[in-house]
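Remarks on the overall topology
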Amino acid sequence: MVNIDDPDFDAQALRVIKAVADEGSITGAAVALGYSQPAISQQLKRLEQRLEVPIVERVGRSVRLTEAGRILARHAPAVTTALDAAAGEIAELRGLRSGRVRLVGFPSASPTIVPRLLAELETSHAGVSVTYIEAEPPEAVDAVRDDRADVALTFSYPGDRDDPHGSSARGLSVRTVGSDELLAVLPQGHPAARRARVDVASLSTERWIAGCPRCRGHLLQLCARAGFGPAIAFETDNAVAVEGLVAQGIGVATLPRMAVASFPLLPGVVTRPLPAAESRTIHVVTAHGADRVPAVRVALEAIARLVEDQGTGAEDN
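The shown structure was predicted, so the numbers you read here are calculated from the model rather than taken from an experiment.

Our next topic: helix α3 (residues 37-51). In a regular helix each residue adds 1.5 Å, so 15 residues correspond to 21 Å; α3 covers 21 Å between its end C-alpha atoms and thus fits that length. Those residues of α3 not exposed but buried are Ile40, Gln43, Leu44, Leu47 and Leu51. The arc that holds the buried residues of α3, viewed along the axis, is 95°, so those residues lie on one side. Exposed and oriented more than 90 degrees from the buried face of α3 are Pro38 and Gln49. Of the residues trailing α3, glutamate 52 is marked for its positive phi of about 65°.

Moving on, we come to the nonpolar core. Counting 46 residues, the largest nonpolar core has Val151, Leu153, Leu186, Trp208, Ile282 and Ile303 as the members making the most contacts within it. Broken down by element, the residue count for this core peaks at nine residues, all from helix α10 (residues 294-312). Here leucine 186 is in contact with Ala192, Ala193, Val198, Leu203, Val246, Val252, Gly268, Val269 and Val270, once residues within four sequence places are set aside. Within the second largest apolar cluster, 20 residues are counted, among which are Ala30, Leu44, Leu72 and Ala76.

Taken in spatial order, the five strands line up as β4-β3-β5-β12-β6 in an open sheet, and their pairing is mixed. In this open sheet, the two edge strands, each paired with only one partner strand, are β4 (128-134) and β6 (172-180). For this sheet, the mean inter-axis angle between neighbouring strands, taken without regard to orientation, is 25°. In terms of strand pairing, β6 meets strand β12 (residues 280-287) through eight bridges, oriented antiparallel. The partner of aspartate 180 across the bridge, within β12, is arginine 280. With respect to the sheet, helix α5 (residues 113-124) is in contact with β3 (99-105), β4 and β5 (151-156), its orientation differing from that of β4 by roughly 170°. Lying on the sheet, helix α6 (residues 137-145) is in contact with β3, β5, β6 and β12; it crosses β5 at an angle near 150°.

What counts, and at which threshold
- Residues numbered from 1 in each chain as written.
- Predicted model: local features only at pLDDT ≥ 70, side-chain atom pairs only at ≥ 80, totals over all residues.
- Heavy atoms only, no water.
- Helix = DSSP H or I, 4+ residues; strand = E, 2+ residues; numbered from the N terminus.
- Expected span 1.5 Å × (residues − 1).
- Buried < 20%, exposed > 50% of the residue type's maximum accessible area, 1.4 Å probe, protein only.
- Arc of directions from axis to C-beta.
- Core = buried A, V, L, I, M, F, W, Y, C linked by side-chain atoms within 4.5 Å.
- Contact = heavy atoms within 4.5 Å.
- Pairing = 2+ DSSP bridges.
- Axes fitted to C-alpha atoms, helices over the stretch in contact; angles between N-to-C directions.

Have a look at this one:
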């Protein structure tokens with residue numbers, strides 16, 4: 001029977017196997033983990049000797065995991081998260097002097113939530129290092145599942161048919177941390193701008209500017225609930241371009257408040273909130289038990305505060 005207490009069967013060995021699975025090669029795993037290729041090969045060789053089964057096999061000039069390797073790769077995220085949690089609790093006893101959080105978040109969080117998060121953690125927990133990658137919610141959820149991220153900052157829209165927090169997030173922890181108003185983006189002087197909140201049905205005869213494919217899908221659902229199909233004249237996932245087109249009277253659009261807050265509102269543009277029921281929901285996604293890791297926990301707490309602050313500090317122009 002394999003002695004899993006042996007130092008050769010540890011979290012690092014599992015991370016190596018997972019990296020080989022993710023990158024598809026020993027060289028790729030070495031680059032991803034910051035080791036030399038011979039060091040990765042040696043770790044795999046030692047593990048194979050201890051387990052007495054092959055972990056990788058040659059296929060032409062490349063390698064792939066054997067069945068035993070695939071089993072270890074499948075269990076690696078849960079095991080390494082649990083071990084990180086244990087190590088984190090010990091670190092907490094030492095005053096949280098060190099820790100690491102791998103964060104992935106959606107684009108409009110990058111200029112709003114993320115910089116404030118990094119600044120807050122730098123001030124209050126200087127020993128916690130944070131890395132950040134930008135990704136849309138489906139890819140962010142995948143990053144947590146594949147152990148490429150500890151925390152995913154994501155969003156979902158009401159009635160979203162492609163909500164990545166459904167079956168694709170099964171087995172992960174998904175928590176709601178706030179909401180982000182959806183705004184109607186209108187040219188200055190538009191009749192709807194006189195209202196405190198805009199009813200989407202009142203814009204049924206307008207030309208529309210749609211966003212990214214996922215945002216376009218939400219716009220179609222939003223308008224369908226209001227009883228019409230939008231006449232989409234232009235599509236761009238660049239929020240500045242959306243405002244530029246609206247300012248010239250080319251059409252109307254919707255943007256989340258975070259996206260509008262990312263840069264000064266362009267001249268000739270006004271925004272008005274849509275009904276509260278149309279707001280998008282902001283989530284954090286982690287592996288189960290990841291919040292037991294002190295560095296992850298303080299990051300989650302800070303994100304929740306910052307998302308709430310982002311919503312309460314909003315004003316329309």
